[in-house]
Amino acid sequence: MNSGFNVEEFARAAERVREKALAEGRLLIDPTESELRLLVEREPGVKKTLYNNFVAESEPTSRSQMFTKNGVDEPFGEEEARLVKQCEEALGKERLISIDRTVGNEQSDTVVRLIIPEKFAHIAYGGGNLFVPVRKKVEKPDYQIIFFGDESWEKNKTKALPEKDISIRTAMLEGGRMVKIVRNSNYIGEYKKGVFAAEDWVAKTRKGGIFLHAGCREDYLQLAHGGYRPVRTMLAALSANGKTTTTCRILARKGMERSWLIQDDGGTLMPDGSYHGFEQGGVFVKTEGVNPGEQAEIFYGLLKKETVAENVFVNDDGDFDFENYERTTNGRAVILRSDFMHASPYIDVERIDNFIIITRGPIIPAIAKLTLQQAAALMVLGQAMESSAGDPTKAGTIRSEFFYDPFVAGNRAEHANIFYEIMKGLPHMNFYLMNTGGIGVPTHYNYKDISVGHTLSILDSLVRGGLEDWVDSPTGFKVPAAIRAVDDIYVHPERIYPRAEFEEKQKELDRIRYEVVEQIGSGLHADIRGVFAKNG
């Protein structure tokens, strides 16, 4: 319910802004790549690298979740009416860019329209590359996203994120439409996640599926006992917890083997087990510490001409320095799928075999096998590590985010139940929990860091069918009896601590898990609510 405010005003405002600019000769519609490059080069703060690509300085340097509301969960009223007015006033005299892009595969009929001032041109160039151009003229887009800045724009630059003056509102409208208005941010991620949020809502309300914050990979590898078969794996995680790394790394080693990146961030899982991505054009990567030795797939994509980066350090020679974090650790870039070495030619697959939940925590095994009920409960829990992509002021702290998805709208119990019912209909699906952080206390001598190499060795064994024997663990899950190339200690966190200390930590973790799941309420399926026992 929206306190007397008609959310259709968001759509009307978008139309008025665009039509006024068109009538006054201030609107550039679907500019070419060369036109966009010229506009980006003139954008304040943009640097051109020796690779002939661009790095922009966004304000802020991350998403602004704390300033974001959607009209499903929180009533819109006077504040939103004022935002609409501010938007129209701010964009009423500026030169604007409007681009339409196809959401999903090239045959999709879903269209997102972006409207921005020319001074935010890098959003149109970089963000637009995440999706593919439309096939025909668009009269009424499904999704619309509008950016503008006002008198607080410059003042915000010297403030920490929580003190900035930012407003972001997402209106879900009838007929599967969405309009997002972004005030005082020009971060590409707000555009990308606007589409993400719309797909999230539409998947469960109109398509009969569930949109998940999960990457998807396809591997055609020789199995542990010989023979080859394709294996598709979804990996769910909060931003910057290892999802893109585990989704994007190549496991194929031999002549007949293949590893494909299907999607790096999200897609819709349907009741028939098929997965449908939403970004056909590009990949939005985190650049922190990227190097050719560990992340060659990403590294060389960053050097391509069409790549557009944000907040990445550029030295005096015009070269990237991915280990310089003077501005932020949340350096980002959009790389075209055609420039990403092993991006698949398709973003939809007919079947998913494995569902992996990525998390971090001191007493969580590097890999554990789950039941469906445990997987559903852990998705509700959404335990992960905060990163500079979310709230830079809290980076490194453990947090819970329902379904690892800050953009879920609507009843949470219903959302979880949809996931559970779909997965119940897919008996072939395997469920796992993967820790990409470490076990033990980082400052203690026996802390075990779980490196990217460990994680990929585990993933390689899992995909090849090499993790055959699973044993009960005091963590409440099952762990492999052995993993080729990875020491057993990584799946036995109980050996890091004295027995009594571990048992106390496990009891406390289960208590937290129980309380978080209980907060969802009695509408949550009993099978999910009963996973973690009540302590005390």
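Look up a bit, the structure's there.
As the structure is a computational prediction, the values presented were derived from the model and not from experiment. (Residues numbered from 1 in each chain as written. Predicted model: local features only at pLDDT ≥ 70, side-chain atom pairs only at ≥ 80, totals over all residues. Heavy atoms only, no water.)

**Q** What is the right way to read the packing of helix α9 (residues 372–381) against helix α12 (residues 499–518) from this model?
**A** To describe two helices that pack against each other, one gives the angle between their axes and the distance between the axes. As a packed pair, α9 and α12 sit with axes 9 Å apart at the nearest point and diverge in direction by 80 degrees. The orientation of α9 with respect to α12, classified from their angle, is roughly perpendicular. Contacts between α9 and α12 involve Ala377, Leu378, Val380 and Leu381 on the former and, on the latter, Arg513, Val516 and Val517. Looking at the contact of α9 with α12 residue by residue, the class counts come to six nonpolar, no polar and one charged. (Axes fitted to C-alpha atoms, helices over the stretch in contact; angles between N-to-C directions. Helix = DSSP H or I, 4+ residues; strand = E, 2+ residues; numbered from the N terminus. Parallel < 35°, antiparallel > 145°, perpendicular 65-115°, else oblique. Contact = heavy atoms within 4.5 Å. Nonpolar A, V, L, I, M, F, W, Y, C, P; charged D, E, K, R; others polar.)

**Q** Please clarify how unusual backbone geometry should be interpreted in this entry.
**A** One can expect most non-glycine residues to show negative phi and most peptide bonds to be in trans. Pro60 follows Glu59 through a cis peptide bond whose omega is -5 degrees. One can find Pro60 in the loop between β3 (54–56) and β4 (68–70). Phi is positive for Asp30, which is not a glycine, with a value near 45 degrees. Taking relative accessible area as the criterion, Asp30 reaches 32% and is therefore assigned partly exposed. With phi around 70 degrees, Asn52 is a residue other than glycine that occupies positive phi space. Along the chain, the position of Asn52 falls in the loop between β2 (47–48) and β3. (Buried < 20%, exposed > 50% of the residue type's maximum accessible area, 1.4 Å probe, protein only.)

**Q** In this structure, what is going on with the side chain of Arg26? I would like to understand it.
**A** As for its placement among the helices and strands, Arg26 is situated in the loop between α1 (8–23) and β1 (27–29). Residue classification places Arg26 among the buried residues on the basis of a relative accessible area of 7%. A polar contact is formed between the side chain of Arg26 and the backbone oxygen of Leu91, at a distance of 3.2 Å. Sequence-distant contacts of Arg26, that is, excluding residues within four places in its chain, are made with Lys20, Ala21, Leu91, Gly92, Lys93, Glu94, Arg95 and Leu96. (Polar contact = N/O pair within 3.5 Å; in protein donor to acceptor, adjacent residues only side chain to side chain.)

**Q** Sorry, what's going on with the pattern of salt bridges here?
**A** Opposite charge on two side chains allows them to pair when their charged atoms are near. For the coordinates displayed, the defined rule picks out 41 salt bridges. Across the salt bridge formed by Arg412 and Asp73, the nearest N and O atoms sit 3.0 Å from each other. Taken together, the residues Arg412 in helix α10 (residues 412–424) and Asp73 in the loop between β4 and α3 (78–90) connect sequence positions 339 residues apart. Exposure remark for Arg412: the relative accessible area of 28% places this residue in the partly exposed category. Put simply, Lys192, Lys193, Lys243, Asp265 and Glu279 are held in one network by salt bridges that share partners. (Salt bridge = Lys/Arg side-chain N within 4 Å of Asp/Glu carboxyl O.)

**Q** Which parts of the structure should I look at to understand the sheet that holds strand β15 (residues 267–269)?
**A** What links the strands of a sheet is backbone hydrogen bonding, and the strands pair in either a parallel or an antiparallel sense. The strand order across the open sheet built from four strands is β11-β15-β16-β22, with neighbouring strands paired in antiparallel fashion. The two strands at the open ends of the sheet, each matched to only one other strand, are β11 (210–212) and β22 (348–349). Note: β15 against strand β16 (residues 275–277), three bridges, orientation antiparallel. Its bridge partner lying in β16, Thr268 is registered against His276. Against the sheet, α10 contacts β11 and β15, and its axis sits at roughly 100 degrees relative to β11. (Pairing = 2+ DSSP bridges.)

**Q** Looking at this structure, how should I read the state of the cysteines?
**A** Simply put, disulfide is the name for a covalent bond between the sulfur atoms of two cysteines. Across all of its chains, the model carries zero disulfides by this definition. Its sulfur unpaired, Cys216 is 11 Å from the next cysteine sulfur, which belongs to Cys248. For Cys216, a relative accessible area of 0% corresponds to the buried category. (Disulfide = S-S within 2.5 Å.)

**Q** Would you mind going over the packing of α9 against α10 with me for this structure?
**A** Interhelical geometry of α9 versus α10 gives an angle of 155 degrees and a closest axis separation of 10 Å. As the angle between them shows, α9 and α10 are arranged roughly antiparallel. Remark: the crossing between α9 and α10 carries right-handed chirality. On the side of α9, the interface is formed by Leu372, Gln373, Ala376, Met379 and Val380, while α10 contributes Ala416, Phe419, Tyr420, Met423 and Lys424. When its residues are assigned to classes, the contact of α9 with α10 shows eight nonpolar, one polar and one charged. (Left-handed = near helix turned anticlockwise from the far one by under 90°.)

**Q** When you look at the sheet that holds strand β18 (residues 308–310) in this model, what are you seeing that I'm missing?
**A** Read from one edge of the open sheet, five strands run β2-β3-β18-β21-β17, paired in mixed fashion. Looking at the sheet topology across the chains shown, the edges are occupied by β2 and β17 (282–286). Where β18 and strand β21 (residues 332–336) come together, three bridges link them in antiparallel fashion. Looking at β21, one finds that Ala309 is bridged to Ala333.

**Q** Help me understand helix α11 (residues 452–463), please; the structure alone is not making it clear to me.
**A** Each turn of an α-helix holds 3.6 residues, which means side chains three or four residues apart point in the same direction. Look at α11: 16 Å from first C-alpha to last across 12 residues, which is about the 16 Å you get at 1.5 Å a residue. Of all the 12 residues making up α11, nine are buried; the element is thus mostly covered by neighbouring parts of the structure. Inspection of α11 places His454, Thr455, Leu456, Ile458, Leu459, Asp460, Ser461, Leu462 and Val463 among the buried residues, and these make up the whole buried set. One or two residues past the end of α11 sits Gly465, with phi positive at roughly 80 degrees. (Expected span 1.5 Å × (residues − 1).)

**Q** So what exactly am I meant to see when it comes to the side chain of Asn156 here?
**A** Tracing the sequence through the fold places Asn156 in helix α5 (residues 153–156). Among the polar contacts made by the side chain of Asn156, one reaches the main-chain amide nitrogen of Asp165 at a distance of 2.9 Å.

**Q** Where do I start with the packing of aromatic side chains in this structure?
**A** The description of an aromatic ring pair uses the distance of the two centres, along with the angle that the planes make with each other. What the rule picks out here adds up to 20 aromatic pairs. An angle of 5 degrees between the planes, with centres 5.9 Å apart, marks the rings of Tyr51 and Phe320 as stacked. Here the residue Tyr51 occupies a position in the loop between β2 and β3, and Phe320 occupies one in strand β20 (residues 320–321), the gap between them amounting to 269 residues. A relative accessible area of 23% means that Tyr51 is categorised as partly exposed. Ring geometry for Phe355 versus Phe419: centroids 5.6 Å apart, planes at 55 degrees, classification tilted. Taken together, the residues span a long stretch of sequence, with Phe355 in strand β23 (residues 354–359) and Phe419 in helix α10 at a distance of 64 residues. With a relative accessible area of 0%, Phe355 lands in the buried category. In this structure Phe419 comes out as buried when scored by relative accessible area, which is 0%. (Phe/Tyr/Trp six-rings, centres within 6.5 Å; stacked < 30°, edge-to-face > 60°.)

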